[in-house]
Amino acid sequence: MGKLEGKVAIVTGASKGIGEGIARVFARHGAKVVLAARGEDVMALAQELRDAGFDALGVRCDVSSYEDCQRLAQAALDAYGHIDVLDCNAGICVLGDFLSADDSWRDSHIDINVKGVWNACKAVAPAIIDAGGGAIVITSSVTGDMVADPGEVAYATTKAALVGFTKALARELAPKNVRVNCICPGYVRTPLVDGMAQQSDPDDPERAIAAIASAVPLGRLGTPEECGELCAFLASSESSYLTGTQVVIDGGSTLPETSSMGQ
Ligand code: NAP
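Residues numbered from 1 in each chain as written. Predicted model: local features only at pLDDT ≥ 70, side-chain atom pairs only at ≥ 80, totals over all residues. Heavy atoms only, no water.

Quick reminder of the rule: UniProt positions are given in the numbering used here, feature names are shortened, and annotations may be inferred rather than shown by experiment.
Looking at an unreviewed UniProt entry, one finds the protein named 3beta-hydroxycholanate 3-dehydrogenase (NAD(+)) and attributed to Thermophilibacter provencensis. As stated in UniProt under Sequence similarities (unreviewed entry), the record for the protein gives "Belongs to the short-chain dehydrogenases/reductases (SDR) family."

As structure tokens, then:
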């Protein structure tokens, strides 16, 4: 029996990248998965999972809209009758220059990365409480709370905010038997990171990817499914005494104190 057998799990940002990995892993662990994203791709991925014999529903939803998140919760309830898990993974990262960037750059990150998580939790948590409790997992990042590179002010601001959000919501929902934790990935090879590599080195984006990998003690970027396995653990009863935590999954990228000592 899978660790998420019988659970109904909503995953936002599930059409590609880390969210796709989370959705595939959740399905393999026995969850009925509700995949949410803005574009049409999410419907195709849900269909692919159904064709493979899994329980999956695709819902087009922009998490920056609270009404969309309410529709997402209702779609999950209509399809499966209850909700046990919410995985808030949808997010954007666009590099920018703090001194010259338009404020719309800041606002788009806040609208999706912070308000999107807020909206999804507010819309879905009541159903999780009605089901007797469950788990919320949020995708933060090592960026913001632990490290940062030039160009990441808007993104880092939002990802650090999610660590505080996780702790405060964990405190508030603990008496209702809802655990709230976040994952802090380092670099994971996804369409988002491919886009950042393209922005950073338009002539040779693979050079940017190789440079990232060379700075990671494990020598490579993470995979979406490795993040999915961590999220499945945090969503399951295997992590029943964890709440309000941030779990770093970064191949050791935040470990190096110097690039020379002991080399
Ligand atoms: P990605 O490849 O760009 O995928 C992002 C997903 O989010 C897509 O499914 C996208 O689909 C969806 N999405 C974006 N805006 C949305 C919105 N307003 N409403 C609903 N869905 C939305 O990104 P990723 O690299 O997998 O990143 C996923 C999460 O992990 C993000 O929160 C990111 O900050 C975090 N993260 C990533 C890394 C990394 O190295 N990749 C590291 C640390 C943290 P649509 O465009 O169709 O909506």
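### Points about the layout of surface pockets
Operational definition: Cavities and pockets were defined on a 1 Å grid built over protein atoms only: a cavity is a set of grid points that admits a 1.4 Å probe from which the probe cannot escape, a pocket is an open set flanked by protein on both sides within 12 Å along at least five of seven lines, and lining residues are those with an atom within 4 Å of any such point. Grid points are joined across faces, edges and corners, and a volume is the space filled by probe spheres set on the points. Secondary structure counts use DSSP, requiring at least four H or I residues in a row for a helix and at least two E residues in a row for a strand, with both numbered from the N terminus. The classification used treats Ala, Val, Leu, Ile, Met, Phe, Trp, Tyr, Cys and Pro as nonpolar, Asp, Glu, Lys and Arg as charged, and all other residues, Gly among them, as polar. Residue ranges for the domains originate in an automatic or database domain assignment.
Its volume calculated, the largest pocket comes out at about 1100 Å³. Lining the largest pocket are 49 residues; nearest its centre among them are C93, Y155, T190, L192 and V193. Broken down by element, the residue count for the lining of the largest pocket peaks at six residues, all from helix α6 (residues 191-200). Each residue belonging to the lining of the largest pocket can be placed in one class, and the counts come to 25 nonpolar, 17 polar and seven charged. Three or more residues apiece are contributed to the lining of the largest pocket by two domains, here domain 1 (8-186 + 223-249) and domain 2 (189-221).

### Examining the pattern of salt bridges
Definition in use: The salt bridge criterion pairs a side-chain nitrogen of Lys or Arg with a carboxyl oxygen of Asp or Glu, the two atoms within 4 Å. Only protein chains enter the accessibility calculation, which uses a 1.4 Å probe; a residue is then buried when its area is under 20% of its type maximum, exposed when over 50%, and partly exposed in between.
With the rule as written, the count across this model stands at 13 salt bridges. A salt bridge links D201 to R207, with the nearest nitrogen and oxygen atoms 3.0 Å apart. Exposure remark for D201: the relative accessible area of 14% places this residue in the buried category. One continuous salt-bridge network, built from bridges that share partners, spans E20, R24 and E48.

### Section: the site of the ligand
To keep things clear, this is the line we draw: What makes a residue near a molecule or strand is one non-hydrogen atom of that residue sitting within 4 Å of it. Any pair of nitrogen or oxygen atoms within 3.5 Å is treated as a polar contact; in protein, a donor-acceptor pairing is required on top of that, and neighbouring residues in sequence qualify only through side-chain atoms on both sides. Computed with the Shrake-Rupley method and a 1.4 Å probe, the accessible areas treat only the protein chains shown as cover for residues. What decides whether a molecule sits in a cavity or pocket is whether more than half of its atoms lie within 2 Å of the grid points.
Around the ligand, 29 residues are found, and the nearest of them are S15, I18, Y155, V188 and T190. I18 is positioned such that a nitrogen or oxygen atom in its backbone is 2.7 Å from an oxygen atom of the ligand. Y155 places a polar side-chain atom, nitrogen or oxygen, 2.6 Å from an oxygen atom of the ligand. Taking 890 Å² as the accessible area of the ligand by itself, protein coverage stands at 94%. Assessed atom by atom at 2 Å from the grid points, the ligand resides in the largest pocket. A per-element tally of the shell around the ligand places α6 first, with three residues. Taken together, the residues of the shell around the ligand sort by class into 14 nonpolar, 11 polar and four charged. When residues of the shell around the ligand are assigned to domains, at least three fall in each of domain 1 (8-186 + 223-249) and domain 2 (189-221).

### Section: helix α8 (residues 224-235)
Our working definition: Take the residue count of a helix, subtract one, and multiply by 1.5 Å to get its expected span. Contacts are assigned to residue pairs that have any heavy atoms within 4.5 Å of one another.
Between its first and last C-alpha atoms α8 spans 16 Å; for 12 residues at 1.5 Å apiece the expected length is 16 Å, and the two agree. As for α8, its buried residues are in contact with α1 (17-28), β4 (85-88), β5 (134-139), β6 (178-185) and β7 (246-249).

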